[in-house]
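Structure at a glance
Here is how the chains run, residue by residue.
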Amino acid sequence: MKHHSTYFLLILVPFLFSCNQKRTNDSPPKHPTGAYILEEMKDSTLTIDNAIDPIRKLMFPFRDRDGREYLTFQNIDANEIIFYDMHDGAWLFTIPFNTEEENWAGTFKGYSIVSLDSIFLCREGESAIIRTDTSGRIAGKYSYRKDDRNRPLLPCYSFSFINTPLQFFDGKIYLTQQAPNRRLGKNPVAATIDIETDKVEILPFNNPISEKIQQADSLVGIEFAFSRCFDRANFIYSFYFDENIYVTSPDHSNVKKIACKSRYIDSLQVIDGRNLRDEEALRKMNEAPMYGNLIYDPYRDFYYRIAYPPTRMASGEKQEKTWKYGRKRFSVIIMDKNFHQIGETLFPEYEYVSTLLFVSRKGLYIGIHPQSPRSVPGKIVFNCFQVVPEMI
């Protein structure tokens, strides 16, 4: 009997030791917090070959009638739009726009592609939009120097750096008005052009922080800036120095103010621009807390708002490049289809470019910063992110 007991212990002890070791090595199970974060997807990098310098900040995705996805860039130096395959980053074709002949599109700054037969260009220095196609010839011109009540408007540019692409809805082109319109005495943020009748109308929504800004002694130039997106039912505005977003009906007669505050920003204050040289003004712009672009994700019904926490710029850091590449660090606030905040992700310093992002069927793509170890010289590299539950 003693012999059998010894044999049993020899078998049991290793088993017990193995079970105990497994419990020790296993990490405790994670549980969802109820919030969501942006998580980088594996094997989802998009590399654009021979692309223009992304500092240009004129980039938009486009999907044609057959569902093919493109990533497009404006090359300002050559006055052209370059098309890349969003699947593998390969160059596909380039549309040049002649600037010398009268019936050609001419010099432009910013664009919006409805289809390859309807490409809309914002004329540089002129309150006019040109409709063209892949030939580069003028197919239509829409002037908006004044509205139907003879009120003046300012030139509109369809940018991605400050995300304000032209929008099209119900037979109208929706423009933005970024700069203060001193000739008008108010600061409307939007206007429309009727494509059939050419009627121009200023919409009844003024910049909500105009009064606060006008009380400042001196400005640095970004105080009136805002981003806008459209979800086919509402226009949504993100003003740089306002923690709220503003949701408007298409005619802008109905405006709802909705809180959308970053957990990394305590308060906002307009930059004091008195007696500042260019380099010092840029430093303050790189350090001050503010908000940025607002992007709509139609594939998942999410909204992404960029936030810039207060930041310290060290001596020797290049102020102009830091600003043009979307500052040193940023976070992305995630909102659901009802504009409820469901999470926020803070990114490491100099890892991604906050102004170089777009949405596709796969997820939210964000460009890798040139100072990141993962950047590739001469190429633009994007990583794809998906919204996932936060686990702790």
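Up top is the structure these notes are about.
Keep in mind that this is a model prediction, so the values were computed, not measured.

On to the overall build of the protein. Scanning the protein from N- to C-terminus turns up four helices and 25 strands. A burial count over the protein gives 51% of its 392 residues as buried. Summarising the internal contacts of the protein: among those between residues at least 6 apart in sequence, 54% fall at separations of at least 24. By element, 49% of the accessible surface of the protein is carried by carbon and sulfur atoms, the whole surface being about 19,900 Å².

On to the packing of aromatic side chains. Considering all chains together, one arrives at 29 aromatic pairs under this definition. Between Phe205 and Tyr237, the ring centres sit 5.4 Å apart and the planes meet at 70 degrees, which makes this aromatic pair edge-to-face. Separated by 32 residues along the polypeptide, Phe205 in the loop between strand E14 (200-202) and helix H2 (210-214) and Tyr237 in strand E16 (residues 235-239) bring together distant segments of the chain. Taking relative accessible area as the criterion, Phe205 reaches 7% and is therefore assigned buried. An aromatic cluster of three or more residues is present, and its members are Phe205, Phe226, Tyr237, Phe239 and Tyr246. Positioned above the aromatic ring of Tyr157 is the side chain of Lys109, whose terminal nitrogen or guanidinium carbon lies 5.6 Å from the ring centre.

What holds strands together in a sheet is hydrogen bonding between their backbones, with the strands either parallel or antiparallel. The strand order across the open sheet built from four strands is E3-E4-E5-E6, with neighbouring strands paired in antiparallel fashion. Both edges of this open sheet fall to strand E3 (59-63) and strand E6 (91-96), since each of them pairs with a single strand only. Averaged over all neighbouring strand pairs, the angle between strand axes comes to 25 degrees, with direction disregarded. Pairing geometry for strand E4 (residues 69-75) and strand E5 (residues 80-85), over six bridges, is antiparallel. Pairing of Leu71 across the sheet is with Tyr84, part of E5.

Glancing now at the side chain of Lys328. Here Lys328 shows up in the loop between helix H4 (319-324) and strand E21 (331-335). The exposure class of Lys328 is buried, given its relative accessible area of 8%. There is a polar contact of 3.0 Å between the side chain of Lys328 and the backbone oxygen of Arg312. The contacts of Lys328, once residues within four sequence positions are left out, are Thr311, Arg312, Met313, Ala314, Glu317, Thr322, Pro348, Glu349 and Tyr350.

Leu38, Tyr237, Met290 and Tyr304 are the most contacted members of the largest nonpolar core, which has 44 residues in total. Among the elements that take part in this core, strand E20 (residues 302-308) stands out by supplying four residues, more than any other. Sequence-distant contacts of Tyr304, defined by excluding residues within four places in its chain, comprise Leu38, Asn293, Leu294, Ile295, Asp297, Val332, Ile333, Ile334, Val359, Leu364 and Val387. By size, the runner-up hydrophobic cluster in this structure holds 16 residues, among which are Phe73, Met86, Tyr325 and Ile380.

On to the layout of surface pockets, then. Taken as a whole, the largest pocket encloses approximately 1,000 Å³ of empty space. Lining the largest pocket are 32 residues; nearest its centre among them are Pro61, Pro165, Gln167, Phe230 and Pro298. Within the residue set of the lining of the largest pocket, elements represented by two or more residues are E3, strand E7 (108-115), strand E11 (167-169), strand E15 (226-230), strand E19 (290-297) and strand E23 (352-359). Considering every element that reaches the lining of the largest pocket, the biggest residue donor is E3, with five residues.

Moving on, we get to the side chain of Ser372. Looking at where Ser372 falls in the secondary structure, it is placed in the loop between strand E24 (364-368) and strand E25 (379-391). Taking the relative accessible area as the measure of exposure, Ser372 reaches 4% and is therefore buried. Within the structure, the side chain of Ser372 is placed 3.0 Å from the side chain of Glu351, a separation counted as a polar contact.

What follows is about empty space enclosed by the protein. Per the counting criterion, the structure on display carries one cavity of 30 Å³ or more. In this structure, the largest cavity spans a volume of roughly 80 Å³. In terms of lining residues, the largest cavity is bounded by Phe161, Tyr240, Met290, Gly292, Asn293, Tyr308, Trp323, Gly326, Arg327 and Thr355. For the lining of the largest cavity, the leading source of residues is E19, giving three residues. Partitioning the lining of the largest cavity into residue classes produces five nonpolar, four polar and one charged.

Within E24, five of the five residues are buried, leaving the element largely enclosed by the surrounding structure. By the bridge criterion, five bridges tie E23 to E24 in an arrangement that is antiparallel. Residue pairing across strands places Val359 opposite Leu364, the latter belonging to E24. Here E23 hands over to E24 after four residues, the two strands then running antiparallel side by side. In this structure, E24 lies alongside E25, joined through four bridges in antiparallel fashion. Bridge pairing in E25 places Tyr365 opposite Cys384.

Another aspect to go through is the sheet that holds strand E12 (residues 172-176). With respect to topology, four strands assemble into an open sheet ordered E11-E12-E13-E14, the strand pairing being antiparallel. Among the strands making up the open sheet, the edge pair consists of E11 and E14. The sheet shows a mean angle of 25 degrees between the axes of neighbouring strands, direction not considered. Note: E11 against E12, three bridges, orientation antiparallel. Counted as the bridge partner of Phe169 is Lys172 from E12.

Rules used in this analysis
- Residues numbered from 1 in each chain as written.
- Predicted model: local features only at pLDDT ≥ 70, side-chain atom pairs only at ≥ 80, totals over all residues.
- Heavy atoms only, no water.
- Helix = DSSP H or I, 4+ residues; strand = E, 2+ residues; numbered from the N terminus.
- Buried < 20%, exposed > 50% of the residue type's maximum accessible area, 1.4 Å probe, protein only.
- Contact = heavy atoms within 4.5 Å.
- Areas by Shrake-Rupley, 256 points an atom, 1.4 Å probe, with all protein chains shown as cover.
- Phe/Tyr/Trp six-rings, centres within 6.5 Å; stacked < 30°, edge-to-face > 60°.
- Lys NZ or Arg CZ within 6 Å of the ring centre and 35° of its normal.
- Pairing = 2+ DSSP bridges.
- Axes fitted to C-alpha atoms, helices over the stretch in contact; angles between N-to-C directions.
- Polar contact = N/O pair within 3.5 Å; in protein donor to acceptor, adjacent residues only side chain to side chain.
- Core = buried A, V, L, I, M, F, W, Y, C linked by side-chain atoms within 4.5 Å.
- 1 Å grid on protein atoms, 1.4 Å probe; cavity = no way out; pocket = protein on both sides within 12 Å on 5 of 7 lines; lining within 4 Å.
- Points joined across faces, edges and corners; volume = space filled by probe spheres on them.
- Nonpolar A, V, L, I, M, F, W, Y, C, P; charged D, E, K, R; others polar.

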